[in-house]
Amino acid sequence: MKSTCLVVDEMHPTLLPLLAGIGVAADYRPELTAAEVPGALAAKPYDGLVVRSKLRVTAELLARGPGLCYVARAGAGVDNIDEAALAAAGVTLLNAPEGNRDAVGEFAVGLLLNLLRHIGRADGQVRQGIWKREANRGEEVGGKTIGLLGYGHMGRAFARRLGAFGCTVLAHDHDPAVRPDAHAALVPLAELQARADVLSLHIPYSAANHHFVNEAFLAGFQRPLWLLNTARGEVLDHAALVDGLQTGRLYGAALDVLENERLATLSGAQAARFEFLKNAGNVLLTPHIGGWTHQSYQRINEVLVGKLAAFLGGRPGGSGE
């Protein structure tokens, strides 16, 4: 059985030939707005939907495409997809965290070095004609204990790259199926909090993980921390983040994600927190680019299409191409 899918986000140009190579006919419609997608789904008998982050995939959206049997998310995070609704509708969810894990791992190393060595701050000063060496004396990664909250694809990619720095890497993951490897020791959360000098967040966003890292969580650490977040902004309570920076519980923070990344829509409280963060000399801010490289853009397609080929091959009547 051949598959037909609707692609509603802009993708790397390799996607369409890759899909054609496994017998999938794709309607490439990145110009569609989120509001127009339900109508497009209802107009043709698609059995697949390929998305990035343009829209939320809900039960209501799935009802407009009764023939859908898979939703393919070109990326790692699936927080814009109602997984319970997919399960109820018998729709399979595919995603591709393997496609950008290396990009995120490398980027996290860059954030860590930048944060500990004041690279961004020093660069800005020199550009203003300010030459401050002692004020920019930094910390070495070697000898530090790096704590990873979450040890999936992204956490493991970061841990692999930390191996050359002479640091200790500890990881905590609530999933009992997660296994340790040569790059990090899996430890209980209490041990992570007792030993970590740096905390790096690598957990997905879900209702259960909303503000998982909050004031009480940060208070459980035995020493002040440097904090990295390349996961999702909503897993970190930004009120607790600002408080930690103001009180010295946090030495500094590097944030690739924010609680609200649509900066034109910030609430009053969010705007006040963002104003503090952007003016803080010990805070790095980047626009959710951890997994955003030219290589990962293409690799995500390759991983996703490989998974789709396996899925279609396993369906009744599947060609196995």
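This text goes with the structure placed above it.
Residues numbered from 1 in each chain as written. Predicted model: local features only at pLDDT ≥ 70, side-chain atom pairs only at ≥ 80, totals over all residues. Heavy atoms only, no water.

Participant: Teacher, can you tell me more about the state of the cysteines here?
Facilitator: Should the sulfur atoms of two cysteines be covalently bonded, the bond is a disulfide. As enumerated under the stated definition, the model contains zero disulfides in all. Free of any disulfide, C5 has its nearest neighbouring cysteine sulfur in C69, separated by 10 Å. In this structure C5 comes out as buried when scored by relative accessible area, which is 0%. (Disulfide = S-S within 2.5 Å. Buried < 20%, exposed > 50% of the residue type's maximum accessible area, 1.4 Å probe, protein only.)

Participant: What exactly am I supposed to notice about the pattern of salt bridges here?
Facilitator: Should the charged atoms of two oppositely charged side chains come close, the side chains can pair. One pass over the structure, following the stated rule, counts 14 salt bridges. Put simply, E259 and R273 hold a salt bridge, and the shortest N to O gap is 2.9 Å. Linking E259 in the loop between β11 (250-255) and α11 (268-279) with R273 in helix α11, this pair joins segments that are 14 residues apart in sequence. Pair check on accessibility: E259 and R273 agree, each one buried. Sharing partners across several salt bridges, the network here consists of D102, R160 and R161. (Salt bridge = Lys/Arg side-chain N within 4 Å of Asp/Glu carboxyl O. Helix = DSSP H or I, 4+ residues; strand = E, 2+ residues; numbered from the N terminus.)

Participant: Got a minute to help me understand the sheet that holds strand β12 (residues 283-285) in this structure?
Facilitator: Two strands in a sheet stick together by hydrogen bonds in their backbones, pointing the same way (parallel) or opposite ways (antiparallel). Strand order in this open sheet of seven strands is β8-β7-β6-β9-β10-β11-β12, and the pairing throughout is parallel. Lying at the two open borders of the sheet, with one neighbouring strand each, are β8 (185-186) and β12. As paired elements, strand β10 (residues 225-229) and β11 share five bridges and run parallel to each other. Paired with L228 across the bridge in β11 is A254. Lying on the sheet, helix α5 (residues 97-117) is in contact with β6 (145-149), β9 (198-201), β10, β11 and β12; it crosses β10 at an angle near 145°. (Pairing = 2+ DSSP bridges. Contact = heavy atoms within 4.5 Å. Axes fitted to C-alpha atoms, helices over the stretch in contact; angles between N-to-C directions.)

Participant: Mind showing me how you'd approach the nonpolar core here?
Facilitator: One broad rule of soluble globular proteins: the nonpolar side chains tend to lie buried together. By size, the foremost hydrophobic cluster in this structure holds 29 residues, and its most contacted members are L199, L201, L218, L227 and L241. Going through the elements one at a time, β9, α9 (215-219), β10, α10 (238-247), β11 and α11 are the ones with two or more residues in this core. At four residues, the largest contribution of residues to this core is made by α10. Those residues within four positions of L201 in sequence are excluded, and the remaining contacts are L149, V213, L227, L228, N229, T230, A231, V235 and L236. With 24 residues, the next largest nonpolar core counts V109, I146, A184 and V198 among its residues. (Core = buried A, V, L, I, M, F, W, Y, C linked by side-chain atoms within 4.5 Å.)

Participant: Explain the packing of α5 against helix α7 (residues 153-162) to me, please; I cannot follow it from the model alone.
Facilitator: A packed helix pair is summarised by two numbers, namely the angle formed by the two axes and the spacing between the axes. For the pair α5 and α7, interaxial distance at closest approach is 8 Å and the crossing angle is 50°. One element, α5, and the other, α7, form an angle in the oblique class. Considering how the two elements wind past one another, α5 and α7 form a crossing that is right-handed. Two secondary-structure elements touch here, α5 through P97, E98, N100, R101, D102, V104, G105, E106, A108, V109 and L112 and α7 through H153, M154, A157, F158, R160, R161 and L162. (Parallel < 35°, antiparallel > 145°, perpendicular 65-115°, else oblique. Left-handed = near helix turned anticlockwise from the far one by under 90°.)

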